[in-house]
Amino acid sequence: MGKRAAKELRVDDIVNIGIGIPEMVSRYARKSGMLDMITLTVESGGIGGFPVSGEAFGAMIGAASVYDMANQFDLYDNGGLDICFMGGLEADRYGNINAHRGTGAFAGIGGFANITAKTPTVVFCMTFNAKGLEVTQEKGVVTIHKEGEIPKFVENVSSISFSAKRAIENGQKVLYVTERCVFRLTPKGLKLIEVYPGVDIQKDILDRLPFEVEV
């Protein structure tokens, strides 16, 4: 997922990378040499350098500068980013994302809405399902050994953290990168635009969606 998502990076991009799976993007950007040609940012105020992962998320190694968090959000709120990479708990047929409300639990949305609202390109990095999913990739071929118990693509998300309707109105490019395929947001909803080698489009994707998608 990180490798595929990182292909969306362009020279001189100003970037925000979310916690979790999206952190893989910065690793692949470093391996490909793209890291030296983009500027990474984190909500806490760091600009430039390499974001720290895990429990220390929010820190930046070798930051070019560190701003007050309020100033950093001025950048985000006013469309200062070129691209962002975010996670998600659920996605629905329309392309809406729930990133803050899980079953039996509720967390604040944090800076998620600020970062995704005006960024021209938004890339969501999330697995097709969760809890038990086992997938490997060897020589470019993906093998799904075991499916997860919890689907992440649903008919309707339980809470909207990212509005697909508003993204379409704003002319944003929105991708949903999973471990087996890539969807793109269209005015009609999700469109399947890529299927990775080794993945059966019918059995591994279409049969596991609770709704129809454009192919």
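Each remark here, short or long, concerns the structure printed above.
Residues numbered from 1 in each chain as written. Predicted model: local features only at pLDDT ≥ 70, side-chain atom pairs only at ≥ 80, totals over all residues. Heavy atoms only, no water.

A. Quick look at unusual backbone geometry. For Asp 12, which is not a glycine, the phi torsion comes out positive at approximately 75 degrees. In this fold, Asp 12 is placed in the loop between α1 (2-6) and β1 (14-17). In this structure, Lys 131 is a non-glycine residue whose phi angle is positive, near 60 degrees. Take Lys 131: it is sitting in the loop between β11 (129-130) and β12 (134-138). For Lys 131, a relative accessible area of 56% puts it in the exposed group. (Helix = DSSP H or I, 4+ residues; strand = E, 2+ residues; numbered from the N terminus. Buried < 20%, exposed > 50% of the residue type's maximum accessible area, 1.4 Å probe, protein only.)

B. Examining the pattern of salt bridges more closely. Under the defined criterion, the tally for this structure stands at nine salt bridges. Across the salt bridge formed by Glu 8 and Arg 4, the nearest N and O atoms sit 2.9 Å from each other. One salt bridge connects Arg 93 with Glu 155, and the closest N-O pair in it is separated by 2.6 Å. One end of the pair, Arg 93, is in the loop between β8 (90-92) and β9 (97-98); the other, Glu 155, is in the loop between β15 (153-154) and α5 (164-170), with 62 residues separating them in the sequence. Among the ionic contacts, a cluster of salt bridges with common partners joins Arg 4, Glu 8, Lys 173 and Glu 194. (Salt bridge = Lys/Arg side-chain N within 4 Å of Asp/Glu carboxyl O.)

C. Structural context of the packing of aromatic side chains. Counted according to the given criterion, the structure contains six aromatic pairs. Arranged with centres 5.6 Å apart and planes meeting at 25 degrees, the rings of Phe 124 and Tyr 176 form a pair that is stacked. Taken together, the residues Phe 124 in strand β10 (residues 121-125) and Tyr 176 in strand β16 (residues 173-177) connect sequence positions 52 residues apart. On the accessibility criterion, Phe 124 (0% relative accessible area) is buried. Arranged with centres 5.2 Å apart and planes meeting at 50 degrees, the rings of Phe 153 and Phe 183 form a pair that is tilted. (Phe/Tyr/Trp six-rings, centres within 6.5 Å; stacked < 30°, edge-to-face > 60°.)

D. Seen up close, the side chain of Thr 119. Mapped onto the elements of the fold, Thr 119 is located in the loop between α4 (112-117) and β10. A distance of 2.5 Å separates a polar side-chain atom of Thr 119 from the backbone oxygen of Ile 115. Sequence-distant contacts of Thr 119, defined by excluding residues within four places in its chain, comprise Leu 81, Asp 82, Ile 83, Cys 84 and Gln 172. (Polar contact = N/O pair within 3.5 Å; in protein donor to acceptor, adjacent residues only side chain to side chain. Contact = heavy atoms within 4.5 Å.)

E. Focus on the sheet that holds β9. What the three strands build is an open sheet, ordered β9-β8-β15; its pairing is mixed. Whereas interior strands pair on both sides, the edge strands pair on one side only; in this sheet they are β9 and β15. (Pairing = 2+ DSSP bridges.)

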